Amino acid sequence: MKNLDSKVNIIPLIAKADTVSKNDLQTFKRKIMNELISNGIHIYQFPTDDETTAQANSSTNGLLPFAVVGSTEEVKVGKRMVRGRHYPWGVLQVENENHCDFIKLRDMLLCTNMENLKEKTHTQHYECYRYQKLQKMGFTDVGPDNQPVSFQEIFEAKRQEFYDQCQREEEELKQKFMQRVKEKEATFKEAEKELQDKFEHLKVIQQEEIKKLEEEKKQLEGEIIEFYKTKAASEALQTQLSTNTKKDKDRKK
């Protein structure tokens, strides 16, 4: 509650107030209020500066914290149905002011003080939140020499500071980008050089293989020529032998 009292309107309640007797309930209320005060917790106080609501709100402030009872069931009391709780000793009515403070709480919130609650939320709690946020962002009411300064001057200074910071970050990003581009280019050049060296090596091997094949081709062509020469000589010799054999046969006849 200490962390919340500067952010929202706190209205303390005692739930299930039907479990406490009226005498004990008043003692319990005083104890709760004393604890809130001793711990420095600021709760919402119904305003008493308006003449039309001053008396009602003054008496309502004396009821804090509100003792309320809730129920989703309807029970029969006499000839009418009311929202409440049925006990062996009787019926507790939620909307009976003698039984609990629900009616007073509802009227104070929804009828009498709703506009004041909204106004206080805006003018006090929201402005306090806004002031704290602006302080965290560096906006103050006074300068280093404790002289008052305008919000416009601080805003312009902060805007320039933010712009300079964006420029620095943009420059840093550009430098990092250029460095990465250079690193990538160096990597690509190294890979290109490796591929080029590999290509040149394969080219040399290919040329050597071609030269070797050319030599083998020339050797095979020479062997083919020698083969045909030998074949022609063999055929000529065979023809010569056949002719000589025929002449020998003719002489014998």
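This text follows the structure it describes.
What counts and how
Residues numbered from 1 in each chain as written. Predicted model: local features only at pLDDT ≥ 70, side-chain atom pairs only at ≥ 80, totals over all residues. Heavy atoms only, no water. 1 Å grid on protein atoms, 1.4 Å probe; cavity = no way out; pocket = protein on both sides within 12 Å on 5 of 7 lines; lining within 4 Å. Points joined across faces, edges and corners; volume = space filled by probe spheres on them. Helix = DSSP H or I, 4+ residues; strand = E, 2+ residues; numbered from the N terminus. Core = buried A, V, L, I, M, F, W, Y, C linked by side-chain atoms within 4.5 Å. Buried < 20%, exposed > 50% of the residue type's maximum accessible area, 1.4 Å probe, protein only. Contact = heavy atoms within 4.5 Å. Patch = residues over 30% accessible without salt bridge, like charges linked within 9 Å, V, L, I, M, F, W, Y side chains within 5 Å. Areas by Shrake-Rupley, 256 points an atom, 1.4 Å probe, with all protein chains shown as cover. Salt bridge = Lys/Arg side-chain N within 4 Å of Asp/Glu carboxyl O. Pairing = 2+ DSSP bridges. Axes fitted to C-alpha atoms, helices over the stretch in contact; angles between N-to-C directions. Nonpolar A, V, L, I, M, F, W, Y, C, P; charged D, E, K, R; others polar. Lys, Arg positive; Asp, Glu negative; His and termini not counted. Charge placed at Lys NZ, Arg CZ, Asp CG, Glu CD.

**What to know about the layout of surface pockets**
- For the largest pocket, the calculated volume is near 320 Å³.
- Residue lining of the largest pocket: 19 residues in total, with Lys22, Leu25, Asn98, His99 and Cys100 positioned closest to the centre.
- Tallying contributions element by element places helix 1 (residues 22–38) first for the lining of the largest pocket, with four residues.

**Examining the nonpolar core**
- Core analysis: the biggest nonpolar cluster contains 22 residues, and Ile11, Leu36, Ile43, Phe46, Leu64 and Phe66 have the highest contact counts within it.
- Ranked by the residues each element gives to this core, the list is headed by helix 1, at four residues.
- Setting aside its immediate chain neighbours within four residues, Ile11 contacts Tyr44, Leu64, Phe66, Leu105 and Leu109.

**Points about the environment of Asn116**
- By the secondary structure assignment, Asn116 is in helix 4 (residues 114–136).
- Sequence separation of Asn116 and Ser234 is 118 residues, and the distance between their C-alpha atoms is 135 Å.
- Setting aside residues no more than four positions away along its own chain, Asn116 makes contact with Tyr44 and Pro47.

**What to know about a nonpolar patch on the surface**
- There is a patch of nonpolar side chains on the surface, built from Ile224, Phe227 and Tyr228 and spanning about 350 Å² of accessible area.
- Note on Ile224: relative accessible area 45%, which makes it partly exposed.

**Observations regarding the environment of Glu169**
- Along the chain, the position of Glu169 falls in helix 5 (residues 151–252).
- The exposure class of Glu169 is partly exposed, given its relative accessible area of 41%.
- Distance in space between the C-alpha atoms of Glu169 and Pro47 is 52 Å, their sequence separation being 122 residues.

**Observations concerning the sheet that holds strand 4 (residues 80–87)**
- Reading across from one edge, 3-4-5 is the order of the three strands in this open sheet, with antiparallel pairing throughout. In this open sheet, the two edge strands, each paired with only one partner strand, are strand 3 (74–77) and strand 5 (90–93). The sheet shows a mean angle of 70° between the axes of neighbouring strands, taken without regard to direction.

**Some details on empty space enclosed by the protein**
- Scanning all chains against the criterion turns up one cavity of 30 Å³ or more.
- Quantified by volume, the largest cavity comes out at close to 30 Å³.
- Lining the largest cavity we find Ser6, Lys7, His125, Cys128, Tyr129 and Gln132.
- Of the residues belonging to the lining of the largest cavity, the class tally is two nonpolar, three polar and one charged.

**Description of a negative patch on the surface**
- A grouping of Glu208, Glu209, Glu214, Glu215, Glu216 and Glu221 is seen on the molecular surface, where their side chains present a negatively charged patch.
- Among the secondary structure elements, Glu216 is positioned in helix 5.
- In this structure Glu216 comes out as partly exposed when scored by relative accessible area, which is 36%.

**Here we look at the pairing of strand 5**
- Direction of pairing for strand 4 relative to strand 5: antiparallel, over a ladder of four bridges. Note that in strand 5 the partner of Gly84 across the bridge is Gln93.

**Digging into unusual backbone geometry**
- Cis peptide bonds are those with omega within 30 degrees of zero, and the linkage from Leu64 to Pro65 qualifies with -10°.
- By the element assignment, Pro65 lies in the loop between helix 2 (54–61) and strand 2 (66–67).
- Within the chain, Lys16 stands out as a residue other than glycine whose phi angle is a positive 50°.
- Turning to its location among the elements, Lys16 is positioned in the loop between strand 1 (13–14) and helix 1.
- Overall, the relative accessible area of 59% leaves Lys16 in the exposed class.

Keep in mind that these numbers describe shape and distance, not what the molecule does.
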